[in-house]
Amino acid sequence: MSLSKIRNVNMTNLAEYIEEHSSEESLWLQQIAHKTNTLLLNPHMLSGRVQGRLLSLLSHMIRPQRVLELGTFTGYSALCLAEGLAEGGYVDTIEKNDELEEMIKSNFSMSPYADRIHLHIGDALQVIEQLRQHRTVEKQYDLMFVDADKREYAAYYEALKPLLRKGGYLLADNTLWDGHVIDKEYDKDKQTLGLRHFNDMVAADKEVEKVIVPLRDGLTIIRKL
């Protein structure tokens, strides 16, 4: 179905239909979603069941040894990514908001993946540099997921690309930004401008394959050639 036809469909009903026909999430993910929606002001930042199942499926297909996530929030997406880890694999996840640290660790502890997820609290670009200093070519990441400050997506991309192995995947969330990326009314919005710059940068990059999937707020899938 084309996007133009989808606009004529009741989006709430369609979202419910998609969720009803997607795999169930684990009990601990259900609990994390409930806590997030109950206790935090911006629960919409949570990946949610459908996107979470996609992240899990992609992780299972790739079977990554090393995963890097920008934007932990309450830990939901990190746990989804951890589901497909290869034996001995791990997730590095970065969250800027130190007030979420206790909740994130508590959420991780409810799952069987707690010892395979390394939480880093701090500015994403600074933590990326710290991780870069401890990396060799043989220890590049297999899979990355970016869901952090939209104004910094282009800077993240430049910093992350050298850390991504050839054939590795980078997933970028919110790249359609509720349609604002093509809406002139948002020409002065810094987050929208940041996402437009990132989208243009990736589109022009001949060293990667890419596609924007219109899931929720837009998910760009990038493979390094």
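Model, not experiment: these values are computed from the prediction.

Enquirer: Quick one: what's the story with the overall build of the chain, residue by residue and with numbers?
Expert: Per the secondary structure count, the chain includes nine helices and seven strands. Relative to its length of 225 residues, the chain is compact, with a C-alpha radius of gyration of 17 Å against a globular reference of 17 Å. Dimensions of the chain along its principal axes, counting C-alpha atoms only, are 50 × 40 × 35 Å. Sequence separation of 24 or more characterises 69% of the internal contacts of the chain that already satisfy a separation of 6 or more. Roughly 12,200 Å² of accessible area belongs to the chain as shown, and the carbon and sulfur atoms make up 52% of that amount. With 27 positive and 34 negative side-chain charges, the chain shows a separation of 6 Å between the mean positions of the two kinds.

Enquirer: Account for the nonpolar core, naming residues and giving values.
Expert: Counting 28 residues, the largest nonpolar core has Leu70, Leu160 and Leu170 as its most contacted members. Put simply, the parts of the chain that give this core at least two residues each are strand E1 (66-70), helix H7 (124-133), strand E4 (141-146), helix H8 (153-160), strand E5 (164-173) and helix H9 (190-204). Of all the elements, H8 adds the most residues to this core, at five residues. Setting aside chain neighbours within four positions, we find leucine 70 in contact with Ile94, Ala124, Ile128, Phe145, Val146, Asp147, Ala148, Tyr156 and Leu160. Judged by nonpolar contacts, the second largest core, of 27 residues, contains Leu58, Ala78, Ile104 and Leu143.

Enquirer: Can you break down empty space enclosed by the protein residue by residue, with the values?
Expert: Counted under the stated rule, the structure contains two cavities of 30 Å³ or more. If you add up the space inside the largest cavity, you get close to 50 Å³. Taken together, Met45, Leu46, Ser47, Gly71, Thr72, Phe73, Thr74, Gly75, Tyr76, Ser77 and Asp147 make up the full set of residues lining the largest cavity. A per-class count over the lining of the largest cavity returns four nonpolar, six polar and one charged. The computed volume of the second largest cavity comes to approximately 40 Å³.

Enquirer: Go over the sheet that holds strand E6 (residues 208-213), please, and point to the residues and values.
Expert: Within a beta sheet, neighbouring strands are joined by backbone hydrogen bonds and run either parallel or antiparallel to one another. Reading across from one edge, E3-E2-E1-E4-E5-E7-E6 is the order of the seven strands in this open sheet, with mixed pairing throughout. Strands with a single pairing partner mark the edges of an open sheet, and in this sheet they are strand E3 (117-121) and E6. Strand-to-strand twist across the sheet, computed as the mean angle between neighbouring axes with direction ignored, equals 15°. Note that E4 and E5 share five bridges and pair parallel. Each bridged residue has a counterpart across the sheet, and for valine 146 the counterpart in E5 is alanine 172. Its contacts with the sheet place helix H6 (residues 101-109) against strand E2 (90-95) and E3, and it is angled at close to 175° to E3. Of the strands in this sheet, E1, E2, E3 and E4 are in contact with H7, which crosses E2 at around 145°.

Enquirer: Can you break down the side chain of glutamate 95 residue by residue, with the values?
Expert: Along the chain, glutamate 95 turns up in strand E2. With near-sequence residues (within four places) excluded, glutamate 95 lies in contact with Gly71, Thr72, Phe73, Leu100, Ile104, Leu119, His120, Ile121 and Gly122.

Enquirer: Could you give me a rundown of the environment of lysine 161, with the residues and numbers involved?
Expert: Its location among the elements puts lysine 161 in the loop between H8 and E5. On the basis of relative accessible area, lysine 161 is assigned to the buried category, the value being 16%. Along the backbone, lysine 161 and proline 214 are 53 residues apart, and their C-alpha atoms lie at a distance of 23 Å. Ignoring anything within four residues of it in the chain, the contact list for lysine 161 reads Asp205, Glu207, Val208 and Lys224. A distance of 2.6 Å separates the side chain of lysine 161 from the side chain of glutamate 207, its partner in a polar contact.

Enquirer: Pulling in residues and values, what's your account of the layout of surface pockets?
Expert: The calculated volume of the second largest pocket comes to roughly 820 Å³. Forming the boundary of the second largest pocket are 34 residues, of which Met45, Asp147, Ala148, Asp149 and Lys150 lie nearest the centre. When residues of the lining of the second largest pocket are traced back to their parent elements, those giving at least two are E2 and H7. For the lining of the second largest pocket, the per-class residue count stands at 13 nonpolar, 10 polar and 11 charged.

Conventions adopted
All residue numbers here refer to positions counted from 1 along the written sequence of the relevant chain. Only residues with pLDDT of at least 70 get local features here, since the model is predicted, and only at 80 or more are side-chain atom pairs given and counted; chain-wide, interface and lining totals rely on the full set of residues. Heavy atoms from the whole structure form the basis of all side-chain values; hydrogens and water molecules are not counted. Numbering of helices and strands runs from the N terminus, with a helix taken as a DSSP run of H or I at least four residues long and a strand as a DSSP run of E at least two residues long. Values of the radius of gyration come from C-alpha atoms, whereas the globule rule sets the reference at 2.2 Å times the count of residues to the power 0.38. In what follows, a contact means two residues having at least one pair of non-hydrogen atoms within 4.5 Å. All accessible-area figures derive from a Shrake-Rupley calculation using a 1.4 Å probe, and residue coverage is judged against the displayed protein chains alone. We treat Lys and Arg as the positive residues and Asp and Glu as the negative residues; His and chain ends play no part in the count. Charge positions come from single atoms, namely NZ of Lys, CZ of Arg, CG of Asp or CD of Glu. Buried Ala, Val, Leu, Ile, Met, Phe, Trp, Tyr and Cys residues form a nonpolar core when they are joined through side-chain atoms within 4.5 Å. Any residue under 20% of the maximum accessible area for its type is buried, any over 50% is exposed, and the rest in between are partly exposed; the area is computed with a 1.4 Å probe on protein chains only. In the cavity and pocket records, a cavity denotes points on a 1 Å grid over the protein atoms alone where a 1.4 Å probe fits but cannot get out, a pocket denotes an open set with protein on both sides within 12 Å along at least 5 of 7 lines, and lining residues are residues with an atom within 4 Å of a point. Grid points are joined across faces, edges and corners, and a volume is the space filled by probe spheres set on the points. Under this grouping Gly is polar, as are all residues other than the nonpolar Ala, Val, Leu, Ile, Met, Phe, Trp, Tyr, Cys and Pro and the charged Asp, Glu, Lys and Arg. Only when DSSP finds a minimum of two bridges between them are two strands counted as paired. Only the stretch in contact is used when fitting a helix axis, every axis being a line fitted to C-alpha atoms; angles between N-to-C directions are given from 0 to 180 degrees. Throughout this description, a polar contact denotes any pair of N or O atoms lying within 3.5 Å of each other; where both atoms belong to protein, one of them has to be capable of donating a hydrogen while the other can accept it, and for residues adjacent in sequence the pair is counted only when both atoms sit in side chains.

As far as function goes, none of this settles anything; it's purely spatial.
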